[in-house]
Amino acid sequence: MISSEPIGFVLGTKEATPLEFWIAVDAKKVLRLDDVVEVQTQRPDGQGIVHFYGVVDYVRTQYEGAQFDTDTFLVAKEGILPINISYTAHVQVTRIEPEEYLPPQPGDPVHLAIGKQLASALYFDSMDTPIPAGIMNNGNAAYFNYSFINGEKGAHVNISGVSGVATKTSYALFLLYSIFNSPVLGSYKANTKALIFNVKGEDLFFLDKLNQNYGNLENQKDKNKYELMNLPVQPFKSASFRATPKRDSRTIDSDLEQRSEGISVYLWSIRELCRDRLFRFLFTGEDLDRGNLSYLVTTVEERLARLAEENDQSDRQNRRKPQAYLQVEAFGEESKTQIKTFRDLIDFLEDKLLNDEDREENRRWLGRNVPATAEAMIRRLYGISSEVGHLIRGDLSPDEVAKYQLNPLASDAQLTVTDIHKLSARAQKFVVGVLLQKLFFQKEKQGREPVVFIVLDELNKYAPRDGRSPIKDLLVDIAERGRSLGIILIGAQQTASEVERRVVGQAAIRVVGRLDSAEAERPEYNFLTGSCRKRALFLKSGTMFVHQPEVPAPILVNFPFPAYATRKEEVFLSQAEITSIEADIDRF
């Protein structure tokens, strides 16, 4: 349906085209940016009616008949100059039905599109799998076509915006919440997974708790928004939380402070690091940009993989489970025969690469590289030793290794939050690279279903525009081939211009919050209109422009306050829980 009275008429003093036109707005009506309008134009030959739908992207008022700037005082202050006010709006056409690219006629009445006409204007009526994307300024729900997220027609989401204001992570969580609670997943709902990397504080470790704003029945306005989008008000029902172990501790306890229950530690065995060819992720892009280090890393990684496979075969012959350590020939000053720590691994490689290079076996490890390259590798391994030594262990039993394994696809939980915020930048890259690599190989064997979503903030750190690194190559591969494998990347960053083009360019859904003024002018945001770029400089927190392939214009949306707690202070406690806590305090 459309509004009963026209909001204005197609302006006759400016040209109207099939793609854009101006409106002379009725002086007693209100027409704002982002409003959606509909025009019906009679074909000149009388053979039917053409419907034009569009979004208002520019509005203006001005005095008509005023010649000088100071005429404004004569009208507004002294009232001695008779004059009229011109109220006009520019419309970007989003849809024409039927598709006959005629211009609308001057004087055609323009109506606000509401209900079905609004859905037609923004293609919501033709989406086969709509999921809520937020609430538009006109109070209606906006939708994404899930087919452009899950890889069926397109894949991946990219979110940009200034940190702390653009609420990138909050919108990524809302999008996951919308997907998991909408009927579009059908029979795949239980098996669809998500892996979120927690990079800031411990805020995401309470997503399975109801937000106190909703528990205390105070936030009715945002509850109505959830009702409008047909989404329930509840926390994430199926979530698991994984954290790194504490450093320099013989026991394996999670390195978290705000939550202790329901937390599992994750780590990898030395055997696994070598067998699965994860050695390369110990080196950052800066390391591999210099000299032949990249070649030596590949050579050593391959030798370690062979060694691990030989160890596995030996364990099978001895009818025992694969161990966490590597059994090797004697190495180092103490003539060790087992690699049980990351430091042992460095000593072993130092022995192979730098000691007695005349030995045939050692020459195989060094390859055609010069000793200086091997020394550079050893130096870098020493540099990262203290940062990843607690994540790579060879002193655990096979059962303990299985217990601490992190595999989101095998998890019973739908959502897996993985903490990396206490790790150094190099250790964070190692964890992200290893998890994505293992997930990628697993999906190559398993196939496209079920879909797994990867939420990764600070994408510019992992896939920078310049330089090369194993994790960047992996993210490019996910961006280009993840669609067919059912791996969907929801990446976020402050500046899309600093992220590898092939990663950003593959995202079918683009979301933009508040931007820096210089960043807004970058070509990566060409999907925004000129007025949208200007408005992106002062968007409020929680307000985003969303763009998808089916809708030719960006849509401004906001999303409700989260129903789930995003920090410890937001957790809703029932009266029984409060009483229990008070009793514990009295006891002490």
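Residues numbered from 1 in each chain as written. Predicted model: local features only at pLDDT ≥ 70, side-chain atom pairs only at ≥ 80, totals over all residues. Heavy atoms only, no water.

Which parts of the structure should I look at to understand the packing of helix H8 (residues 293-317) against helix H11 (residues 371-388)?
Packed helix pairs are specified by the crossing angle of their axes together with the interaxial distance, meaning the distance between the axes. It is the contact of H8 with H11, at a shortest axis distance of 10 Å, that shows an interaxial angle of 75 degrees. As the angle between them shows, H8 and H11 are arranged roughly perpendicular. Mapping the contact onto sequence places Leu293, Leu296, Val297 and Val300 in H8 and Thr373, Ala374, Met377 and Arg380 in H11. (Axes fitted to C-alpha atoms, helices over the stretch in contact; angles between N-to-C directions. Helix = DSSP H or I, 4+ residues; strand = E, 2+ residues; numbered from the N terminus. Parallel < 35°, antiparallel > 145°, perpendicular 65-115°, else oblique. Contact = heavy atoms within 4.5 Å.)

Quick question: what am I supposed to make of the layout of surface pockets here?
Summary: where empty space remains is shown by rolling a probe the size of a single water molecule over the atoms. Of the pockets and cavities examined, the largest pocket occupies roughly 700 Å³. Around the largest pocket, the lining comprises 33 residues; the ones closest to its centre are Thr167, Lys168, Thr169, Ser170 and Thr566. For the lining of the largest pocket, the secondary structure elements donating two or more residues are helix H3 (168-180), strand S10 (193-198), helix H5 (220-228), strand S18 (452-456) and strand S19 (487-493). Examining the composition of the lining of the largest pocket, we find that five residues originate from one element, H3, more than from any other. (1 Å grid on protein atoms, 1.4 Å probe; cavity = no way out; pocket = protein on both sides within 12 Å on 5 of 7 lines; lining within 4 Å. Points joined across faces, edges and corners; volume = space filled by probe spheres on them.)

Help me out: how do you make sense of the sheet that holds strand S11 (residues 239-243) in this one?
Taken in spatial order, the 12 strands of this open sheet run S8-S7-S22-S21-S20-S9-S19-S18-S10-S17-S11-S12, and their pairing is mixed. Lying at the two open borders of the sheet, with one neighbouring strand each, are strand S8 (141-145) and strand S12 (263-265). Looking at each pair of strands side by side, their axes are set apart by 25 degrees on average, direction ignored. Bridge analysis of strand S9 (residues 157-160) against strand S20 (residues 509-512) gives four bridges, and the strand direction is parallel. If you follow Asn158 over to S20, its bridge partner there is Arg510. Contacting strand S7 (130-136), S8, S9, S10, strand S17 (415-419), S18, S19, S20, strand S21 (543-548) and strand S22 (551-558), H3 runs over the sheet at an angle of about 135 degrees to S7. (Pairing = 2+ DSSP bridges.)

Would you mind showing me how to read the pairing of S10 here?
Consecutive side chains of a regular strand alternate in pointing toward one face of the sheet and then the other. S10 sits mainly inside the fold: six of its six residues count as buried. Every second residue of S10 is oriented toward a common face, with Lys193, Leu195 and Phe197 on one face and Ala194, Ile196 and Asn198 on the other, all of them buried. In this structure, S10 lies alongside S18, joined through four bridges in parallel fashion. Looking across to S18, one finds that Leu195 is bridged to Ile454. Relative to S17, S10 runs parallel, the two sharing five bridges. Bridge pairing in S17 places Phe197 opposite Thr418. (Buried < 20%, exposed > 50% of the residue type's maximum accessible area, 1.4 Å probe, protein only.)

Hey, could you run me through the packing of H8 against helix H9 (residues 342-354) in this one?
Two numbers describe how H8 lies on H9: the axes approach to 13 Å, and their chain directions differ by 110 degrees. Considering their axes alone, H8 and H9 lie roughly perpendicular with respect to each other. Relative to H9, the crossing made by H8 is right-handed. On H9, the residues touching Leu296, Val300, Leu304 and Leu307 of H8 are Leu345, Phe348, Leu349 and Leu353. Across the contact of H8 with H9, the residue classes tally to eight nonpolar, no polar and no charged. (Left-handed = near helix turned anticlockwise from the far one by under 90°. Nonpolar A, V, L, I, M, F, W, Y, C, P; charged D, E, K, R; others polar.)

So what exactly am I meant to see when it comes to H8 here?
Residues that lie three or four places apart on an α-helix share one face, since the helix turns once every 3.6 residues. Its 25 residues place the ends of H8 36 Å apart at the C-alpha level, agreeing with the 36 Å of an ideal helix rising 1.5 Å per residue. In the segment just after H8, Arg319 is the residue with positive phi, at about 55 degrees. (Expected span 1.5 Å × (residues − 1).)

Explain the pairing of S19 to me, please; I cannot follow it from the model alone.
With seven of its seven residues buried, S19 lies for the most part within the structure. Here S19 shows a buried face lined by Ile487, Leu489, Gly491 and Gln493 and a second buried face lined by Ile488, Ile490 and Ala492. The pairing of S9 with S19 spans four bridges and is parallel. In the sheet register, Val157 faces S19, and the bridge partner there is Ile490. Where S18 and S19 come together, five bridges link them in parallel fashion. Each bridged residue has a counterpart across the sheet, and for Val452 the counterpart in S19 is Ile487.

Is there a simple way to explain unusual backbone geometry in this structure?
Residue Glu97 is joined to Pro98 through a cis peptide bond whose omega torsion reads -10 degrees. Residue Pro450 is bonded to the preceding Glu449 through a cis peptide linkage, with omega at -5 degrees. Looking at the element boundaries, Pro450 is found in the loop between helix H13 (425-446) and S18. Backbone geometry places Tyr123, a non-glycine residue, at a positive phi of 65 degrees. With respect to the helices and strands, the residue Tyr123 is situated in the loop between helix H2 (116-121) and S7. Exposure remark for Tyr123: the relative accessible area of 19% places this residue in the buried category. For Glu458, which is not glycine, the phi torsion reads 55 degrees and is therefore positive.

Sorry if this is basic, but what is going on with the packing of aromatic side chains here?
The relation between two aromatic rings is expressed through the spacing of the ring centres and the mutual angle of the planes. Enumeration over the complete set of coordinates arrives at 16 aromatic pairs. Here the aromatic rings of Phe124 and Tyr143 are separated by 5.4 Å at their centres, their planes lie at 80 degrees, and the arrangement is edge-to-face. With Phe124 in the loop between H2 and S7 and Tyr143 in strand S8, this residue pair connects regions lying 19 residues apart in the sequence. What makes Tyr143 partly exposed here is its relative accessible area of 23%. Three or more aromatic residues joined by ring pairs form one cluster here, namely Tyr177, Tyr214, Tyr226, Phe236 and Tyr564. The ring centre of Trp22 lies 5.1 Å from the NZ or CZ of Lys14, which sits over that ring. Geometry around Tyr325 places Lys340 over its ring, the cationic atom sitting 5.5 Å from the centre. (Phe/Tyr/Trp six-rings, centres within 6.5 Å; stacked < 30°, edge-to-face > 60°. Lys NZ or Arg CZ within 6 Å of the ring centre and 35° of its normal.)

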